[in-house]
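Residue-level structure breakdown
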Amino acid sequence: MGRGGHGFDNGAVTTVLPDSLTLGSVRVETPVVLAPMAGITNAAYRRLCAEQGAGLYVCEMITSRGLVEGDETTKKMLVFDELETVRSVQLYGTDPVYIGKAVEILCADHGVAHVDLNFGCPVPKVTRKGGGGALPWKRGLLGEVLEHAVAAAAPYDVPVTMKTRKGLDDDHLTYLDAGRIAQESGVAAIALHGRTVQQAYSGEADWDAIGALVDHVDIPVLGNGDIWEAADAVRMVEQTGAAGVVVGRGCLGRPWLFRDLAAAFHGEDVATLPSLGEVKTMMRRHAELLSEHMGEERGCKEFRKHITWYLKGFPAGGELRHRLALVDSLASLDELLADLDDAAPFPERELGTPRGRQGAPRKKVVLPDGWLDDTDGRGSHLREDADEATGG
Ligand SMILES: Cc1cc2nc3c(=O)[nH]c(=O)nc-3n(C[C@H](O)[C@H](O)[C@H](O)COP(=O)(O)O)c2cc1C
């Protein structure tokens with residue numbers, strides 16, 4: 001199944017890179033997963049990335065309660081592109097019964113082929129209710145949620161995976177137990193973001209933890225955190241033995257990273273360095289896909305948040321950037337993009353540098369009262385919000 005292994009070459013240990021990823025019934029031609037990102041990984045963005053390289057492109061997170069109760073916002077997020085052959089969705093929830101029902105709906109009514117469960121969200125609004133990254137502290141509850149999800153997906157032969165963090169903070173690590181529980185519950189793979197909830201997006205991801213999880217479980221482990229270039233993904237797999245990688249912020253404003261990643265896992269060292277003219281073409285394509293999926297005005301407004309990422313490091317005046325940030329039609333986008341210099345080369349100093357959310361660690365992880373008092377928590381989940389959409 002293309003899992004990384006170790007070989008010996010002239011006495012030195014070399015890693016055989018995985019060239020594919022198998023998650024139960026789903027085979028991915030490159031061991032690369034687009035990280036679910038709320039507000040980013042909608043149908044248009046997934047299509048844009050899929051046009052660049054092979055991989056598994058996960059829909060932004062939806063809530064189990066929203067899905068089960070037929071919430072309108074949730075329904076609008078469950079949109080797939082016509083060319084999306086493998087429908088992959090991340091589900092959030094804290095209630096095993098709701099999760100089970102939601103998985104059933106995804107499989108039966110939406111043709112979903114892969115369900116990922118969110119146990120990594122660090123947002124206080126979520127952890128306060130014992131959801132996201134807070135939930136794995138309750139080992140018993142985690143097992144219940146996973147078992148319900150796996151049981152609901154089984155008749156459809158749909159693999160369930162989970163995505164988590166190292167733990168609440170350095171004194172309350174949960175990932176090794178989570179890996180064991182995932183394996184015992186029939187989960188097809190576990191993705192680990194090498195940060196704690198307390199770290200949020202600050203500091204550096206701990207890839208040693210990913211390696212420790214690989215050693216601890218038999219199911220595939222997907223490594224996540226701080227992959228900015230294809231070479232980082234190769235390094236992560238070599239260093240940890242992970243079965244594949246999950247890439248989030250590195251592809252913001254750089255969907256071509258998926259091209260480089262696909263090449264890297266097939267033995268080629270490619271670093272795509274598009275000129276500003278090529279970036280403009282990609283921006284236009286992104287806005288066009290968003291407009292197709294959401295209508296032009298909403299699509300162009302959605303596109304605004306991507307502009308800074310696309311133009312990071314390129315010459316573009318403050319005034320032009322400001323006007324781009326207010327774009328509301330494809331025609332006005334074209335007009336503004338025309339003022340950019342097609343010949344400007346890719347700003348190589350941006351390579352390997354962080355983009356997107358970083359921020360500071362949280363002073364304290366917000367948890368429900370008494371959450372740390374026991375580690376079981378079976379039957380003790382709090383009611384989740386139907387419209388939670390903050391992500392991970
Ligand atoms: C804007 C944004 C939204 C996110 N939303 C989610 C989410 O809905 N579910 C989730 O599991 N993780 C979410 N994440 C976390 C990413 O999936 C990923 O774990 C994290 O960014 C670390 O990977 P990276 O260093 O490759 O970005 C989000 C991250 C960002 C930046």
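Residues numbered from 1 in each chain as written. Predicted model: local features only at pLDDT ≥ 70, side-chain atom pairs only at ≥ 80, totals over all residues. Heavy atoms only, no water.

As recorded by an unreviewed UniProt entry, the protein chain carries the name tRNA-dihydrouridine synthase and is attributed to Nocardioides flavus. According to its UniProt record, the protein chain has this under Sequence similarities (unreviewed entry): "Belongs to the dus family." (UniProt positions renumbered as here; feature names shortened; annotations may be inferred.)

Those residues of helix α7 (residues 175-184) not exposed but buried are Tyr175, Ala178, Gly179, Ile181 and Ala182. Packed against the buried residues of α7 are α6 (139-153), β9 (160-165), β10 (189-193) and α8 (207-216). Immediately downstream of α7, the backbone of Gly186 shows phi near 85°, a positive value. (Buried < 20%, exposed > 50% of the residue type's maximum accessible area, 1.4 Å probe, protein only. Helix = DSSP H or I, 4+ residues; strand = E, 2+ residues; numbered from the N terminus. Contact = heavy atoms within 4.5 Å.)

What follows deals with the sheet that holds strand β5 (residues 32-34). Strand order in this closed barrel of eight strands is β5-β6-β7-β8-β9-β10-β11-β12, and the pairing throughout is parallel. Each strand axis lies, on average, 30° off the axis of its neighbour in the sheet, ignoring direction. On top of the sheet, helix α1 (residues 43-50) reaches β5 and β6 (56-63); it is set at about 165° to β6, its chief contact. (Pairing = 2+ DSSP bridges. Axes fitted to C-alpha atoms, helices over the stretch in contact; angles between N-to-C directions.)

With that settled, consider the nonpolar core. The biggest cluster of nonpolar side chains holds 101 residues, and the ones touching the most others in it are Leu91, Val103, Leu106, Leu117, Leu146, Met162 and Val245. Broken down by element, this core gets its largest block of residues, eight residues, from α6. Discounting residues that sit within four places of it in the chain, Met162 has contacts with Asp116, Leu117, Phe119, Leu142, Leu146, Ala178, Ala182, Val187, Ala189, Ile190 and Ala191. Counting 13 residues, the second largest nonpolar core, distinct from the first, contains Val26, Val28, Ala35 and Val58. (Core = buried A, V, L, I, M, F, W, Y, C linked by side-chain atoms within 4.5 Å.)

Our focus in this paragraph is the pairing of strand β12 (residues 244-247). What you see with β12 is no split at all: Gly244 and Val246 on one side and Val245 and Val247 on the other are buried throughout. As paired elements, β5 and β12 share three bridges and run parallel to each other. What sits directly across from Val32, in β12, is Val245. Note: strand β11 (residues 221-224) against β12, three bridges, orientation parallel. If you follow Leu222 over to β12, its bridge partner there is Gly244. On the question of chirality, the crossover connecting β11 to the parallel β12 by way of helix α9 (residues 230-240) is right-handed. (Right-handed = clockwise from strand over helix to strand, strands pointing away.)

Turning next to the side chain of Thr272. Note that Thr272 resides in the loop between α10 (257-264) and α11 (276-294). Take Thr272: its relative accessible area is 14%, and that puts it in the buried class. Within polar-contact distance, the side chain of Thr272 engages the side chain of Asp260 at 2.5 Å. With residues up to four places along the chain from it excluded, the contact list for Thr272 reads Trp256, Arg259 and Asp260. (Polar contact = N/O pair within 3.5 Å; in protein donor to acceptor, adjacent residues only side chain to side chain.)

In this section: the pattern of salt bridges. In this structure the tally under the stated criterion is 24 salt bridges. Arg195 is paired through a salt bridge with Asp226; the nearest N and O atoms lie 2.8 Å apart. One end of the pair, Arg195, is in the loop between β10 and α8; the other, Asp226, is in the loop between β11 and α9, with 31 residues separating them in the sequence. For Arg195, a relative accessible area of 1% gives the class buried. The residue Glu229 makes a salt bridge to Arg254 at a minimum N-O spacing of 2.7 Å. Of this pair, Glu229 sits in the loop between β11 and α9 while Arg254 sits in the loop between β12 and α10; the two residues are 25 residues apart in sequence, bridging distant segments of the chain. Like Arg254, Glu229 is buried. Taken together, the salt bridges that share partners define one network made up of Arg47, Glu51, Asp81, Arg284, Arg285, Glu288 and Asp334. (Salt bridge = Lys/Arg side-chain N within 4 Å of Asp/Glu carboxyl O.)

Moving on, we get to the confidence of the model for the protein chain. Residue-level pLDDT values for the protein chain average 93, and 94% of them are 70 or greater. In this model residues 1-13 is a low-confidence stretch, pLDDT under 50, and it forms 33 contacts with partners more than four residues away in sequence or in other chains. (pLDDT = per-residue confidence, 0-100.)

Within the fold, Lys166 resides in the loop between β9 and α7. Relative accessible area serves as the criterion here: at 9%, Lys166 is assigned to the buried category. Those residues in contact with Lys166 that lie beyond four places of it in its chain are Leu173, Thr174, Tyr175, Leu192, His193, Gly194, Arg195, Thr196, Asp206 and Ala209.

Enumeration over the complete set of coordinates arrives at zero disulfides. Cysteine Cys59 shares no disulfide, and the gap to the nearest cysteine sulfur, in Cys49, comes to 13 Å. For Cys59, a relative accessible area of 0% corresponds to the buried category. In this model Cys107 remains outside any disulfide bridge; the closest cysteine sulfur is found in Cys59, 14 Å from its own. The class of Cys107 is buried, set by a relative accessible area of 8%. (Disulfide = S-S within 2.5 Å.)

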